[in-house]
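Here is how the chains run, residue by residue.
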Amino acid sequence: MKLRAGSTYTLTARVRTSGNLTDGYFGFRNSQQQPVAQTQFGAMTKYRELKVVFRPQETGNYYVFTGLWALNQDTWAQVDEVRMTGGSCADT
C-alpha cells in the first residue's frame, strides 16, 4: 500500500502462537522488503494485541508483514483482525 511521508500510521493485529515460538515479528517493510518499523514477539498461547506505530520518511509503497523463525522445530502463529489507521486510511 502507498503511505505518505510525515503521516503517522498505526498497525494492530490480534495474534496467538504455539507455546514454543521464540522469534516472531510484526510490522512494516519498505518496497525493498526491509523492515522499517516492527515489534518482536514470542510465545502467546492466548490472543494478544500487537501494535506498531510508523511515520514514513518517504512516500512510497510499504508492506504489512508477520513472520517467524522456527529453526529445527514445528511452530505456528495465527494472525487475526489486522487493522491500519492513520493518514487518509482506515483499512481492515
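Description of the structure in this document. (Residues numbered from 1 in each chain as written. Predicted model: local features only at pLDDT ≥ 70, side-chain atom pairs only at ≥ 80, totals over all residues. Heavy atoms only, no water.)

**Regarding the side chain of Asn 30**
Then step 1. Within the fold, Asn 30 resides in the loop between strand E3 (23-29) and strand E4 (35-41).
Then step 2. A relative accessible area of 16% places Asn 30 in the buried class.
Then step 3. At 2.9 Å, the side chain of Asn 30 forms a polar contact with the backbone nitrogen of Gln 32.
Then step 4. When near neighbours in sequence (up to four residues on either side) are disregarded, Asn 30 contacts Val 36, Asn 61, Tyr 62 and Tyr 63. (Helix = DSSP H or I, 4+ residues; strand = E, 2+ residues; numbered from the N terminus. Buried < 20%, exposed > 50% of the residue type's maximum accessible area, 1.4 Å probe, protein only. Polar contact = N/O pair within 3.5 Å; in protein donor to acceptor, adjacent residues only side chain to side chain. Contact = heavy atoms within 4.5 Å.)

**With respect to unusual backbone geometry**
Then step 1. One non-glycine residue, Gln 33, adopts positive backbone phi at about 65°.
Then step 2. Structurally, Gln 33 is set in the loop between E3 and E4.
Then step 3. Overall, Gln 33 belongs to the partly exposed group, its relative accessible area being 37%.
Then step 4. Although it is not a glycine, Asn 72 adopts a positive phi angle of roughly 60°.
Then step 5. Positionally, Asn 72 belongs in the loop between strand E7 (63-69) and strand E8 (77-86).

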